[in-house]
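Chain by chain, the residues run as shown.
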Amino acid sequence: MIKNKIQIIGLYGVVATGKSTLSHHLLDSFREADLVVTDNLLAIKRMQDSSPVWRHSSYNQWERFGDPNRDNLWKGFLEYRNGMEEFMACVLSRAKEQRVDMIFEGIHIDPALFSRYETDLAVNLFLLVIGDPRIHEERIREKCSYRPTLLRRLEEYFVRIRALQDLLIGEAKSQKVQVVDTGDNIENCLHGIREKLR
């Protein structure tokens, strides 16, 4: 791990891949770090901006363009993620200027944006995935055990969620982002992430 550099850890991925669970575990090692949940930034964005993009989720942005093909899925998602760039950049600038370690968790992490801060910050990004679709479905059911409406929606869009995960894996590989399969034991995943921190 780089000494004297502010630590920025980003955990991102599609729904139910363990972002919240792992980020809270990491706080045990970075007790003075701020936890940035990007869904909270999204909630502010939705209050400020009435654009149709903010009435959709990451996995159904394609609906604004028609067919649910991979091009529309990726185009819609990128527009959705790019719309959060100003907020994300603001928080990263605070980390740099006020020297605050931060752990980000959420789908809205853009590797290209975070890479712009690598001169001043120790940026560690991890794309969390679940390779086995059966395990992924089980995690979604666990996540939504008390939210039946959300469960039905995620089950309806499960194929699109998996397709978006594949697209994110392709991007991560091109950006040299670590890909962590969280279908394994959560403690093993946590140990693997800690071992890879720069």
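See above for the structure.
The following refers to the structure shown. (Residues numbered from 1 in each chain as written. Predicted model: local features only at pLDDT ≥ 70, side-chain atom pairs only at ≥ 80, totals over all residues. Heavy atoms only, no water.)

**Observations regarding the overall build of the protein chain**
The secondary structure content of the protein chain amounts to nine helices and five strands. Element order for the protein chain, N to C, with α for helix and β for strand: β-α-β-α-α-α-β-α-β-α-α-α-β-α. Taken over C-alpha atoms, the radius of gyration comes to 16 Å for the protein chain, in line with the 16 Å a tight globule of 198 residues would show. Counting only C-alpha atoms, the protein chain reaches 50 × 40 × 35 Å along its principal axes. Burial statistics for the protein chain: of 198 residues in total, 48% are counted as buried. (Helix = DSSP H or I, 4+ residues; strand = E, 2+ residues; numbered from the N terminus. Rg over C-alpha atoms; globule rule 2.2 N^0.38 Å. Buried < 20%, exposed > 50% of the residue type's maximum accessible area, 1.4 Å probe, protein only.)

**Side note on the packing of helix α2 (residues 38-48) against helix α4 (residues 85-98)**
Relative to each other, α2 and α4 sit at 130 degrees, their axes nearing to 10 Å. Judged on the interaxial angle alone, α4 and α2 are oblique. Seen along the crossing, α2 lies across α4 with a hand that is right-handed. Contact residues: α2 offers Thr 38, Leu 41, Ile 44, Lys 45 and Gln 48, while α4 offers Phe 87, Met 88 and Val 91. Residues belonging to the contact of α2 with α4 are distributed by class as follows: five nonpolar, two polar and one charged. (Axes fitted to C-alpha atoms, helices over the stretch in contact; angles between N-to-C directions. Parallel < 35°, antiparallel > 145°, perpendicular 65-115°, else oblique. Left-handed = near helix turned anticlockwise from the far one by under 90°. Contact = heavy atoms within 4.5 Å. Nonpolar A, V, L, I, M, F, W, Y, C, P; charged D, E, K, R; others polar.)

**What about the sheet that holds strand β5 (residues 178-181)?**
Read from one edge to the other, the open sheet built from five strands follows the order β2-β3-β1-β4-β5, with strand pairing classed as parallel. Looking at which strands have only one partner, the edges of the open sheet turn out to be β2 (34-37) and β5. Neighbour-to-neighbour, the strand axes of the sheet open up by a mean angle of 20 degrees, direction not taken into account. Pairing analysis gives four bridges linking strand β4 (residues 121-129) to β5, with the strands arranged parallel. Of the residues in β5, the one forming a bridge with Val 129 is Asp 181. Across the sheet, α2 is in contact with β2 and β3 (102-105); its angle to β2 comes to roughly 55 degrees. (Pairing = 2+ DSSP bridges.)

**What to know about the pairing of strand β1 (residues 6-12)**
Of all seven residues that make up β1, seven are buried, and the element is covered over most of its length. When β1 meets β4, the two strands line up parallel, connected through seven bridges. Bridging from a neighbouring strand, Ile 9 pairs with Asn 124 of β4. Of the pairings in the sheet, the one linking β1 to β3 comprises four bridges and is parallel in character.

**Digging into the pattern of salt bridges**
Scanning the entire structure with this criterion turns up seven salt bridges. Here Asp 34 makes a salt bridge to Arg 94, at a shortest N to O gap of 2.7 Å. Of this pair, Asp 34 sits in strand β2 while Arg 94 sits in helix α4; the two residues are 60 residues apart in sequence, bridging distant segments of the chain. For Asp 34, a relative accessible area of 27% corresponds to the partly exposed category. (Salt bridge = Lys/Arg side-chain N within 4 Å of Asp/Glu carboxyl O.)

**Focus on the environment of Asp 120**
Tracing the chain through its elements places Asp 120 in the loop between α5 (111-115) and β4. For the pair formed by Asp 120 and Lys 5, sequence separation is 115 residues and the distance between their alpha carbons is 7.0 Å. Residues contacting Asp 120, with those up to four places away along its chain left out, are Lys 5 and Lys 96.

**A short note on the packing of helix α6 (residues 133-143) against helix α8 (residues 158-174)**
At a minimum axis separation of 12 Å, α6 and α8 run at an interaxial angle of 120 degrees. Looking at the two axes, α6 sits oblique to α8. Along this stretch, α6 crosses α8, giving a crossing that reads as right-handed. Residues Pro 133, His 136, Glu 137 and Ile 140 of α6 pack against Phe 158, Ile 161, Arg 162 and Gln 165 of α8. The residue makeup of the contact of α6 with α8, split by class, is four nonpolar, two polar and two charged.

The values are spatial; any link to function lies outside them.
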